[in-house]
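Residue strings, one per chain:
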Amino acid sequence: MGITRRDFLNGVAITIAAGLTPMQILRASPQTANQTLYYPPALTGLRGNHPGSFEHAHQLGRDGKAFDFGAVPAGEEFDLVVVGAGISGLAAACFWQQMKGTQQRILLIDNHDDFGGHAKRNEFSGENGTILGYGGSESLQSPRSNFSPVAMGLLQKLGVSIDKLEQAFDKTFYPDLNLSRGVYFDRKNFGVDKVVSGDPGRMVADDIPHDRLNGRSYEAFIGDFPLPESDRQALIALHTLDKDYLPEMSREQKVEWLDTHSYTQFLREKVGLSEMAIRYFQQTTSDFQAVGIDATSCSDARICDLPGLNGMNLPPLDEESQADLDDPYVFHFPDGNATLARLMVRHLIPAVAPGGKDMNDIVLAKFDYSQLDRPGSPVKLRLNSTGLHVANVGDQAEVSYMTGEKMTKVRAGQVVMAGYNMMIPYLVPEMPHAQQEALKQNVKSPLVYSKVVIRNWQPFIKLGVHEVYSPTAPYCRVKLDYPVSMGGYQHPRDPNQPIGLHMVYVPTLPGSGLSPREQSRKGRALLLGTPFEVHEQMIREQLQGMLGSAGFDHRRDIEAITVNRWSHGYSYFLNGLFDDEDEAQKIIEAARQPIGKIAIANSDADWSPYANSAIDQAWRAVNELAYGKVAAREGV
């Protein structure tokens, strides 16, 4: 199956049908034997922050366009309106219903053509069946160690079993095939296209048991790198010798130095690596930190288990960071955390899908999107609807949003803002200036999760790898999808059959000296200006360079491409190089204060890009509205 311009158009066609609003399309959609006509998870091409999802927001925030919100009369009235139908927004609706009852009138609006926010479901159907993938929020991070009772309680209510989820993940599937992790050195930066297998190092948030990595010795692994002999020997020493690179400092001085210097500085100034050797590490932090090693402190590099930091008698890591290193990263649904979103939507609007028992009967359930916004339903979810103005009016609030070019205003007893922090000041202009500035400090990281279905995965078998890190190629990570089978869905097991690849691209500016916030702003501009055709070319060129020696032909072997573009991806989180921890906490608290009938819930509100943080912040916001700020702080 070739990838053409049509794939890009298909990704947005449902939002631009001439003369019809998205809900009219939904209500007019005839049902086929398998699904409704409107079914966003099946779309390929440019997804994530897709065209049509951000233009009105940019007009309001970036361009300063003046909308006449007063000219539109308020129509429907709801007990609760939630702006943003991602994990936090959906959780807020579930908690509100739990507190106030199932007859509460709840409206959720979202600017995207699908619910879930970053928890995006990708479906690929072909002659060999359906392949599921995740377009954003990936897995539950250390739930046994890091999830609050509130988050665990919601999972239990939705029928999610952490134990059974772990059992559904075949932890030794790839190791049993004698596959390992590898590194791809691209021709442009290293003079040759070469994949080196047998990486013996563990990863932060590792899904492979530490004793099953199938790694070679560092001497053998690094010995195959296409680098000068002096660089190979320096890298081997860095990985194998527990050396104190700050011998003249006390423990306290070491911690301060590591907090205030980048890992690049450490490798250059203290280890003495060449620029070519340093280049090998450039994107090791991109997937987890959403920025390269030049803007990652040594302390954060230590959290990622990068070498050179274990021989200096440093204090133990905090419990959460240690859990990220030690706990298995296997709490993964076939479509990532989109399953959580689907479970919450079905809980709120049961008519949307059959079942209702637990996490297993949701995996292959076909959602009827025409049920999301039905007259008479106490809960309504409106897609393709961008919130633009929220204001306290008397003892209520009013919410104005755009669907296509139509402005709508509704009344709300209470409002939860569950979108991006940096957008909220433009939507709620009545809030104090200091709070607006605090909200704008959460500059989200641009991120691309591309899903590529390939005809077979024999090239990976021949190269001996299931996952490949790229120091300098656009996609820092390329991996065969997680081996999860549950709810009637079977992960591909035959290398001669199609499989989904997970590819991670973080548009940063290595070597720029810019802070993560500035790199994110510039990276976002780059991302929004990159059309699907350029993304497709990047993907094809990298996979061909990486896998071509093993018989891969991108023209023949690529069957589908979905580019999940998140111009606003990970929530900003504390960076020791650029943030003071005490000051950051004050900013976090100032940013999430309620404004009259309006409360703020999202992972941004905790500066933490995790599903459990999104849930916890939804709980706090709903309690603030239901019982008051003090009660919410005390965990009512």
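Quantities reported herein were computed from a predicted structural model and do not represent experimental measurements.

> For this particular structure, what's the right way to read the overall build of the protein?
Looking only at helices and strands, the protein features 27 helices and 17 strands. Rg of the C-alpha trace for the protein: 24 Å, near the compact-globule value of 26 Å for 636 residues, within the 12% margin. Seen through its principal axes, the protein has C-alpha atoms that stretch 75 × 60 × 45 Å. Residues classed as buried in the protein amount to 61% of the 636 residues present. Summarising the internal contacts of the protein: among those between residues at least 6 apart in sequence, 73% fall at separations of at least 24. Of the accessible surface of the protein, which amounts to about 23800 Å², a share of 50% is contributed by carbon and sulfur atoms. Side chains of the protein carry 61 positive and 76 negative charges; the gap between the two charge centres is 5 Å.

> What's the story with the environment of tryptophan 566 in this structure? I'm lost.
Mapped onto the fold, tryptophan 566 is located in strand β16 (residues 558-566). When the C-alpha atoms of tryptophan 566 and glutamate 583 are compared, they prove to be 28 Å apart, with 17 residues separating the residues in sequence. Setting aside residues no more than four positions away along its own chain, tryptophan 566 makes contact with Gly48, Asn49, His112, Gly117, His118, Lys120, Gly135, Gly136, Ser445, Pro446, Leu447 and Leu527.

> Please explain the packing of aromatic side chains as it appears in this structure.
Pairs of aromatic rings are described using the distance from one ring centre to the other and the angle between the two planes. Enumeration according to the criterion identifies 26 aromatic pairs in this entry. Aromatic pair tyrosine 263 and phenylalanine 281: ring centres 5.9 Å apart, planes at 90 degrees, arrangement edge-to-face. Linking tyrosine 263 in helix α13 (residues 263-271) with phenylalanine 281 in the loop between α14 (275-279) and α15 (286-289), this pair joins segments that are 18 residues apart in sequence. Like phenylalanine 281, tyrosine 263 is buried. Ring pairing ties together the aromatic residues Phe185, Phe190, Phe221, Phe225, Tyr245, Trp257, Tyr263, Phe266, Tyr280, Phe281 and Tyr469, which thus form one cluster. If you follow lysine 451 out to its NZ or CZ, it ends over the ring of tyrosine 134, 3.3 Å from the centre. Lying over the aromatic face of tyrosine 482, lysine 479 brings its terminal NZ or CZ to 3.7 Å of the ring centre.

> Sorry if this is basic, but what is going on with helix α23 (residues 532-547) here?
The end-to-end C-alpha distance of α23, which contains 16 residues, comes to 22 Å, matching closely the 22 Å that a straight helix rising 1.5 Å per residue would cover. Residues Phe532, His535, Glu536, Met538, Ile539, Arg540, Gln542, Leu543, Gly545, Met546 and Leu547 constitute the buried set of α23.

> How should helix α17 (residues 319-326) be read in this particular structure?
What sets the pattern is the α-helix's 3.6 residues per turn: residues three or four places apart point alike. Three or more residues of α17 are buried, namely Ser321, Ala323, Asp324 and Leu325. Contact partners of the buried residues in α17: α5 (143-146), α15 and α16 (298-303). Its side-chain oxygen at 3.2 Å from the backbone nitrogen of glutamate 320, aspartate 318 defines the N-terminal cap of α17.

> Would you explain the packing of helix α4 (residues 87-100) against helix α18 (residues 338-348) in this entry?
Helix-helix packing is characterised by the crossing angle of the two axes and by the distance between the axes. Closest axis-to-axis distance for the α4/α18 pair is 10 Å, and the angle between their directions is 35 degrees. Of the two elements, α4 crosses α18, and the hand of that crossing is left-handed. Residues Ile87, Leu90, Ala91, Ala93, Cys94 and Gln97 of α4 pack against Leu340, Ala341, Met344, Val345, His347 and Leu348 of α18. Taken together, the residues of the contact of α4 with α18 break down into 10 nonpolar, 2 polar and no charged.

> Would you mind showing me how to read unusual backbone geometry here?
With the exception of glycine, the majority of residues adopt a negative phi angle, and the majority of peptide bonds are in the trans configuration. Of note in the backbone geometry, alanine 205 takes a positive phi value of approximately 55 degrees without being a glycine. Along the chain, alanine 205 turns up in the loop between β7 (194-197) and α10 (218-223). Residues other than glycine seldom take positive phi values, yet tryptophan 607 does so here, at roughly 50 degrees. Within the fold, tryptophan 607 resides in the loop between β17 (598-600) and α26 (611-627).

> Got a minute to help me understand empty space enclosed by the protein in this structure?
One way to see where empty space is left: roll a probe the size of a water molecule over the atoms. Applying the stated criterion across every chain yields a total of 4 cavities of 30 Å³ or more. Volume-wise, the largest cavity comes out at about 120 Å³. What lines the largest cavity is a set of 14 residues, and nearest its centre among them are Gln289, Ala290, Val291, Ser445 and Pro516. Broken down by element, the lining of the largest cavity gets its largest block of residues, 3 residues, from helix α22 (residues 516-528).

> How should the side chain of aspartate 300 be read in this particular structure?
Counting through the fold element by element, aspartate 300 comes out in helix α16. No salt bridge is formed by the buried aspartate 300; its nearest oppositely charged neighbour, arginine 302, is found at 9.9 Å. Beyond its immediate stretch of four places on either side in the chain, aspartate 300 contacts Gln289, Leu574, Asn575 and Gly576.

> Help me understand the sheet that holds strand β12 (residues 447-454), please; the structure alone is not making it clear to me.
Strand order across the open sheet formed by 8 strands is β1-β16-β12-β15-β14-β13-β6-β7, with mixed pairing between neighbours. The sheet is open, and its two edges are formed by β1 (45-48) and β7, each paired on a single side. The average undirected angle you get between the axes of adjacent strands in this sheet is 25 degrees. As paired elements, strand β13 (residues 465-469) and strand β14 (residues 475-480) share 3 bridges and run antiparallel to each other. Residue pairing across strands places tyrosine 469 opposite arginine 477, the latter belonging to β14. Sitting on the sheet, α22 is in contact with β12, β15 (499-505) and β16, with an inclination near 140 degrees to β16. Of the strands in this sheet, β1, β6 (180-185), β7, β12, β13, β14, β15 and β16 are in contact with α23, which crosses β16 at around 120 degrees.

> How should the state of the cysteines be read in this particular structure?
Working definition of a disulfide: a covalent bond connecting the sulfur atoms of two cysteines. Under the counting rule described, the total for this entry stands at 0 disulfides. Of the cysteine sulfurs around cysteine 304, a residue in no disulfide, the closest is that of cysteine 476, at 11 Å.

> Teacher, can you tell me more about the domain arrangement of the protein here?
Quoted interface sizes are often the accessible area lost when the parts come together. What the domain assignment reports for the protein is domain 1 (54-118 + 335-434 + 580-627) and domain 2 (217-326). Placing the centre of domain 1 and that of domain 2 at their C-alpha centroids yields a distance of 41 Å.

> Help me understand the environment of valine 255 in this model?
Examined against the element boundaries, valine 255 turns out to sit in helix α12 (residues 251-260). Valine 255 gets classed as partly exposed once you look at its relative accessible area, which sits at 29%. Separated by 43 residues in the primary sequence, valine 255 and cysteine 298 have C-alpha atoms spaced 9.1 Å apart. Sequence-distant contacts of valine 255, defined by excluding residues within four places in its chain, comprise Ser299 and Pro315.

> Whenever I open this one, the confidence of the model for the protein confuses me. Can you help?
Caution is warranted with low-pLDDT regions, since their predicted coordinates should not be read in detail. Residues of the protein with pLDDT of at least 70 account for 93%, and the chain-wide mean is 92. Note on residues 1-36: pLDDT under 50 across the span, and 59 contacts to partners over four residues away in sequence or across chains. Across residues 630-636, where pLDDT falls below 50, the model places 11 contacts with residues more than four positions away in sequence or in other chains.

> What should I look at first to understand the nonpolar core in this one?
Grouped burial of nonpolar side chains is what soluble globular proteins tend to show. Core analysis: the largest hydrophobic core is formed by 121 residues, its most contacted members being Phe115, Tyr263, Phe266, Leu267, Phe367 and Leu381. Among the elements that take part in this core, α26 stands out by supplying 9 residues, more than any other. Two domains each donate at least three residues to this core, and these are domain 1 (54-118 + 335-434 + 580-627) and domain 2 (217-326).

Conventions adopted
- Residues numbered from 1 in each chain as written.
- Predicted model: local features only at pLDDT ≥ 70, side-chain atom pairs only at ≥ 80, totals over all residues.
- Heavy atoms only, no water.
- Helix = DSSP H or I, 4+ residues; strand = E, 2+ residues; numbered from the N terminus.
- Rg over C-alpha atoms; globule rule 2.2 N^0.38 Å.
- Buried < 20%, exposed > 50% of the residue type's maximum accessible area, 1.4 Å probe, protein only.
- Contact = heavy atoms within 4.5 Å.
- Areas by Shrake-Rupley, 256 points an atom, 1.4 Å probe, with all protein chains shown as cover.
- Lys, Arg positive; Asp, Glu negative; His and termini not counted.
- Charge placed at Lys NZ, Arg CZ, Asp CG, Glu CD.
- Phe/Tyr/Trp six-rings, centres within 6.5 Å; stacked < 30°, edge-to-face > 60°.
- Lys NZ or Arg CZ within 6 Å of the ring centre and 35° of its normal.
- Expected span 1.5 Å × (residues − 1).
- Polar contact = N/O pair within 3.5 Å; in protein donor to acceptor, adjacent residues only side chain to side chain.
- Axes fitted to C-alpha atoms, helices over the stretch in contact; angles between N-to-C directions.
- Left-handed = near helix turned anticlockwise from the far one by under 90°.
- Nonpolar A, V, L, I, M, F, W, Y, C, P; charged D, E, K, R; others polar.
- 1 Å grid on protein atoms, 1.4 Å probe; cavity = no way out; pocket = protein on both sides within 12 Å on 5 of 7 lines; lining within 4 Å.
- Points joined across faces, edges and corners; volume = space filled by probe spheres on them.
- Salt bridge = Lys/Arg side-chain N within 4 Å of Asp/Glu carboxyl O.
- Pairing = 2+ DSSP bridges.
- Disulfide = S-S within 2.5 Å.
- Domains from an automatic or database assignment.
- pLDDT = per-residue confidence, 0-100.
- Core = buried A, V, L, I, M, F, W, Y, C linked by side-chain atoms within 4.5 Å.

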